[in-house]
Amino acid sequence: SKYRHNLDDVALDQLDHRMISFKDVAGSGKSMITFDQVPIDKAVEYACEDSDITLMLAAKLLPQLKTAEAEKLFYEMEMPLVTVLAQMEMAGVKVDMEHLRALSDEFGLKMAGIEKTIYETAGCEFNINSPKQLGEVLFEKLGLPVQKKTKTGYATDVETLNELGHLHPLPEQVLAYRSIAKLKSTYIDNMPDLVNPATGRIHTSYNQTVTATGRLSSSEPNLQNIPIRTDEGCRIREA
C-alpha cells in the first residue's frame, strides 16, 4: 500500500490537508501535557477537525467504493470481519508457560554446546555476539578472504557467513548459534512478558489493512512469523 491508513496520512493524500497533530496541542518530551490540561479552545479545534475531516473523506471515498464495484467486498466481507478480529484479539492466544520454560533451558544448553564447538574450531575464546571480534577471528586469525568491510571493521552478516561456509566450518557454526540465540530471545524469553496477567493469554493485534495482498498481519507481538521449517521453530509453536 502507498501509505499508512491513519487519518493524518489519508487526509494529506486525499484532501491535501495537514492535520493538527497531538504534538501541536500537547507538546512532546518532558514538556508534554495530558489532554485534560490542553486549553479548551485548542482541544475543541483538534477534536472537531477529526470529525470534520472524517466526514469529508467519507463523502469522497464512499462513491469510489461504488465506482470500483467494491461495495459488496466492503460491506459483506471487510466490515463484518472487524468484529470477528476484535473477538479474536479479546480472546487472546493461550500460552503454555511450562513448555516455554523448559525450552529456554534446552535452548540455553544447545547454545552452550555450539559455543564450545565454536571455540574449539576457532582455537580461541571470543565474544561470538561481537561482530568486531568475530571479524578478527575469521579474517585475521584464520585468514579467510575478506568479503566486504564496514565502518567499524569486517562485515560478518548472514550473506558474508554463507559465502565463507564452504571454506571453513566456523561461519556455519556461528550462523547456527545466532539462529538459536534469536529464537530464544525473541520467542522464548520475551514471550512471558507479553502475557496479560489478567487473562493468562497473549493479545496480539490482527491488522486488516496493512498488507497489499489482503492477508492479515499480526503485531505486538507478531505471532505469524515463528519459523516452521526448523525443528526449533516447531517446538516453539507447540507452546
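For the structure, check the block above.
These numbers were taken from a predicted model, which means no experiment stands behind them.

Conventions adopted
Residues numbered from 1 in each chain as written. Predicted model: local features only at pLDDT ≥ 70, side-chain atom pairs only at ≥ 80, totals over all residues. Heavy atoms only, no water. Helix = DSSP H or I, 4+ residues; strand = E, 2+ residues; numbered from the N terminus. Buried < 20%, exposed > 50% of the residue type's maximum accessible area, 1.4 Å probe, protein only. Salt bridge = Lys/Arg side-chain N within 4 Å of Asp/Glu carboxyl O. 1 Å grid on protein atoms, 1.4 Å probe; cavity = no way out; pocket = protein on both sides within 12 Å on 5 of 7 lines; lining within 4 Å. Points joined across faces, edges and corners; volume = space filled by probe spheres on them. Nonpolar A, V, L, I, M, F, W, Y, C, P; charged D, E, K, R; others polar. Pairing = 2+ DSSP bridges. Arc of directions from axis to C-beta. Contact = heavy atoms within 4.5 Å.

**Quick notes on the environment of Ser130**
Here comes step 1: Among the secondary structure elements, Ser130 is positioned in the loop between α5 (97-122) and α6 (131-141).
Here comes step 2: Overall, the relative accessible area of 14% leaves Ser130 in the buried class.
Here comes step 3: Linking Ser130 and Asp36, residues 94 residues apart in sequence, is a C-alpha distance of 47 Å.

**Observations concerning the pattern of salt bridges**
Here comes step 1: For the coordinates displayed, the defined rule picks out 12 salt bridges.
Here comes step 2: The partner of Lys184 in a salt bridge is Asp189, with the nearest N and O atoms 2.8 Å apart.
Here comes step 3: Residue classification places Asp189 among the partly exposed positions, given a relative accessible area of 36%.
Here comes step 4: One salt-bridge network, in which partners are shared between bridges, spans Glu106, Arg235 and Glu238.

**Focus: the layout of surface pockets**
Here comes step 1: Reported here for the second largest pocket is a volume of approximately 200 Å³.
Here comes step 2: Lining the second largest pocket, in full, are Val93, Lys94, Val95, Leu100, Met191, Ile202, Leu223, Ile226, Ile236, Arg237 and Ala239.
Here comes step 3: Of all the secondary structure elements, the ones that give two or more residues to the lining of the second largest pocket are β1 (93-94) and α9 (231-237).
Here comes step 4: Considered class by class, the residues forming the lining of the second largest pocket number 9 nonpolar, no polar and 2 charged.

**Topic: the sheet that holds β1**
Here comes step 1: Overall, antiparallel pairing links the 3 strands, which are arranged β1-β5-β4 in an open sheet. Unpaired on one side and paired on the other, β1 and β4 (195-196) mark the two borders of the sheet.
Here comes step 2: Where β4 and strand β5 (residues 201-202) come together, 2 bridges link them in antiparallel fashion. Residue pairing for β5: Val195 is matched across the bridge by Ile202.

**Quick look at helix α1 (residues 7-15)**
Since the α-helix packs 3.6 residues into each turn, any two residues three or four apart lie on the same face.
Here comes step 1: All of the buried residues along α1 are Val10, Ala11 and Gln14. For α1, the angular spread of the buried residues around the axis is 100 degrees, confining them to a single face.
Here comes step 2: Looking at the buried positions of α1, the neighbouring elements they touch are α3 (40-67).
Here comes step 3: Trailing α1 by a residue or two, Asp16 shows a phi angle of about 55 degrees, which is positive.

**Points about unusual backbone geometry**
Here comes step 1: The amide bond that connects Glu220 to the next residue, Pro221, takes the cis arrangement and shows omega of -5 degrees.
Here comes step 2: Tracing the backbone through its elements, the reader meets Pro221 in the loop between β7 (217-219) and α9.
Here comes step 3: We note that Glu69 has phi near 55 degrees; this positive angle belongs to a residue other than glycine.
Here comes step 4: Within the element layout of this structure, Glu69 appears in the loop between α3 and α4 (71-91).

**Some remarks on the environment of Leu81**
Here comes step 1: Relative to the helices and strands, Leu81 resides in helix α4.
Here comes step 2: Considering only alpha carbons, one finds Leu81 and Gln208, 127 residues apart in sequence, at a separation of 8.6 Å.

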